[in-house]
Amino acid sequence: MFDLSGPWGRVLAGTRLHHGPAMQSLAVDPVTHDLFVIQLRDPDVAPVEGNLCVNRVHRRTGLVQDWMHLDGFGHGYQIGAQHLGGRTHLWSEAGPVRKGFGTRVTRFPFLPGQSIDMSASVLLAPFSPVPGTLVCAPTVDPVGNWLTIRYRTTAGHFYARYAIDPATGKAATTPAATIAHPAAIADTFQGFATLGDLLYLYTGNPSASYETSNTHISIVSWSDPGTAPRVTRITALPGLPLREPEGLALESVGERVQLLFGFNGDAERGREASVCLYTSDPPVQGVKVVAGWSAITLADGITPHADQRLPRARLVSLGGSTQLQLRGSLGCDLAADGLIGTLPPWLTPSHPVRAAVPRNMAYGMGACQVEANAAGELWAYGASAGSRVTWIDLDCFSAPWA
């Protein structure tokens, strides 16, 4: 379904969550496509183990829209989402909490600005997949309609999947299948997702660079769990200063399916959340559109040319290389290097990329450099008081993106 060694895209670029601790996992509402990111609460605000914050993040801006607090639920290392009765319902682990992790699972509506605990009437009755469960967490397959629960007993880690009735949204009480965690996958566990017959497992430790990262996504067959897992090393976001894998989620967009995977970033500025994706879209004549044309937000004093195509950006994969492409024409009056616009989060590179583009001719200069940096900013370089830049054409901008 996904080419894990192929091109990847981006959803979030360094989002600051409502609290300081790291992102633990994520989920997407299958109808509204709202993105939910869960984290532990700040210790000085919620010193008791198991207290969580669910952030709803605006995908266009990458900013937290609102949040909800969960008291006594667990660690949040995996969540799932359903759309029921016109609103988002989230699956998460639930108390009693043991060593910081929930021992049951439950479902509840997302209630922005509210706090709930294990006595809340909005909770689906919490349950454990088997007696003696020590740790468990859920996720939802929005395509195949499966609830998958990962749990641990004294015998080890297991996965159980339950059919969801697409008409009512109710999960079966008896699992359709249960498999053991593969012994060959021993790295730090960071998330899981089910898509049809495939179970995706996300593992890895914090690292300072992608060269030293042991981040992997492994694929296990539900119907043939004895087959050796397919393991792929993940090298997305090579420019991220600190990278810790956190959370998997699936999103269905029309006929496409996207596998979202998260990273925590720079600890010095707070644990910023970055989210990447693989898409099921096949290449067309060797070209794969990773992210379609999206508007560039122009900086103050920068105007689009009314008779030209508006400034846009996209990602395409060609010959194994992902390229950031820009198009459109804009007016300006730059006498020095200057900010000309901002990319949306899903097009922001993890390190600066630059290309030469046409500009107004002045004193023999007919080109300038445009750079997209890791903050998503587009800068134009090459203007001076004696060689002012009054217009820029972005149509020939194409630069390797990562």
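Source: prediction; values computed, not measured.

### Details of the sheet that holds strand β14 (residues 189-195)
Strand order in the open sheet formed by 4 strands is β14-β15-β16-β17, and the pairing between neighbours is antiparallel. Edge strands, defined here as strands with exactly one partner in the open sheet, are β14 and β17 (230-233). Within the sheet, the average angular offset between the axes of one strand and its neighbour, ignoring direction, is 20 degrees. Across 4 bridges, the pairing between strand β16 (residues 216-221) and β17 is antiparallel. If you follow Ser218 over to β17, its bridge partner there is Val231.

### Comments concerning the sheet that holds strand β6 (residues 80-84)
Read across the open sheet, the 3 strands follow the order β6-β7-β8; overall the sheet is antiparallel. Single-partner strands in this sheet number two, and they are β6 and β8 (101-109). Neighbour-to-neighbour, the strand axes of this sheet turn through a mean angle of 35 degrees, independent of strand direction.

### Some words on the pattern of salt bridges
This structure, assessed with the given rule, holds 7 salt bridges. Where Asp71 meets Arg41, a salt bridge forms, and the shortest distance between an N and an O atom there is 2.9 Å. Here Arg41 lies in the loop between β3 (35-40) and β4 (52-57) and Asp71 lies in the loop between β5 (64-70) and β6, a separation of 30 residues in the sequence. Put simply, Arg354 and Glu371 hold a salt bridge, and the shortest N to O gap is 3.1 Å. Residue Arg354 is found in strand β28 (residues 353-362), and its partner Glu371 is found in strand β29 (residues 365-372); the two are separated by 17 residues along the sequence. Judged by its relative accessible area of 39%, Arg354 falls in the partly exposed class. Under the relative-accessibility criterion, Glu371 is labelled buried at 14%. Taken together, the shared-partner salt bridges in this structure form one network comprising Asp34, Arg56 and Asp66.

### Observations regarding the confidence of the model for the protein
Taken over all residues, the pLDDT of the protein has a mean of 92, while the share at 70 or more is 98%. Mean pLDDT across the elements of the protein ranges from a minimum in strand β21 (residues 287-295), with 89, to a maximum in strand β11 (residues 146-153), with 98.

### Concerning the packing of aromatic side chains
Enumeration over the complete set of coordinates arrives at 16 aromatic pairs. When the centroid spacing of 6.2 Å and the interplanar angle of 75 degrees are considered together, the rings of Tyr202 and Phe261 count as edge-to-face. In this pair, Tyr202 is assigned in strand β15 (residues 198-203) and Phe261 in strand β19 (residues 256-264), connecting sequence segments 59 residues apart. Like Phe261, Tyr202 is buried. Here Tyr202 and Phe263 contribute two aromatic rings whose centre-to-centre distance is 6.4 Å and whose plane-to-plane angle is 80 degrees, an arrangement assigned as edge-to-face. Taken as a pair, Tyr202 in strand β15 and Phe263 in strand β19 lie far apart in primary sequence, 61 residues in all. In this structure Tyr202 comes out as buried when scored by relative accessible area, which is 0%.

### Looking at the nonpolar core
Across soluble globular proteins, you tend to see nonpolar side chains buried next to one another. Membership of the largest hydrophobic core comes to 54 residues, with the highest contact counts inside it found for Phe261, Leu324, Leu326 and Ile392. Broken down by element, the residue count for this core peaks at 4 residues, all from β19. Discounting chain neighbours no more than four positions away, the residues touching Leu324 are Ala313, Arg314, Leu315, Leu343, Leu347, Val353, Ala372, Phe397, Ser398, Ala399 and Trp401. Formed by 17 residues, the second largest nonpolar core is a distinct cluster that contains Ile79, Leu111, Ala120 and Leu123.

### Section: unusual backbone geometry
The step from Gly95 to Pro96 runs through a cis peptide bond, and the omega angle for that step is 10 degrees. Looking at the element boundaries, Pro96 is found in strand β7 (residues 87-98). For His33, which is not a glycine, the phi torsion comes out positive at approximately 65 degrees. Relative to the helices and strands, His33 resides in the loop between β2 (23-28) and β3.

### A look at the side chain of His216
Structurally, His216 can be placed in strand β16. Side-chain polar atoms of His216 contact the backbone oxygen of Asn214, separated by 2.6 Å. When sequence neighbours within four positions are dropped, the list of residues in contact with His216 reads Asp187, Leu201, Tyr202, Thr203, Val231, Thr232, Arg233 and Ile234.

### Quick look at the side chain of Thr148
Looking at where Thr148 falls in the secondary structure, it is placed in strand β11. Within the structure, the side chain of Thr148 is placed 2.8 Å from the side chain of Thr194, a separation counted as a polar contact.

About the criteria used
Residues numbered from 1 in each chain as written. Predicted model: local features only at pLDDT ≥ 70, side-chain atom pairs only at ≥ 80, totals over all residues. Heavy atoms only, no water. Pairing = 2+ DSSP bridges. Helix = DSSP H or I, 4+ residues; strand = E, 2+ residues; numbered from the N terminus. Axes fitted to C-alpha atoms, helices over the stretch in contact; angles between N-to-C directions. Salt bridge = Lys/Arg side-chain N within 4 Å of Asp/Glu carboxyl O. Buried < 20%, exposed > 50% of the residue type's maximum accessible area, 1.4 Å probe, protein only. pLDDT = per-residue confidence, 0-100. Phe/Tyr/Trp six-rings, centres within 6.5 Å; stacked < 30°, edge-to-face > 60°. Core = buried A, V, L, I, M, F, W, Y, C linked by side-chain atoms within 4.5 Å. Contact = heavy atoms within 4.5 Å. Polar contact = N/O pair within 3.5 Å; in protein donor to acceptor, adjacent residues only side chain to side chain.

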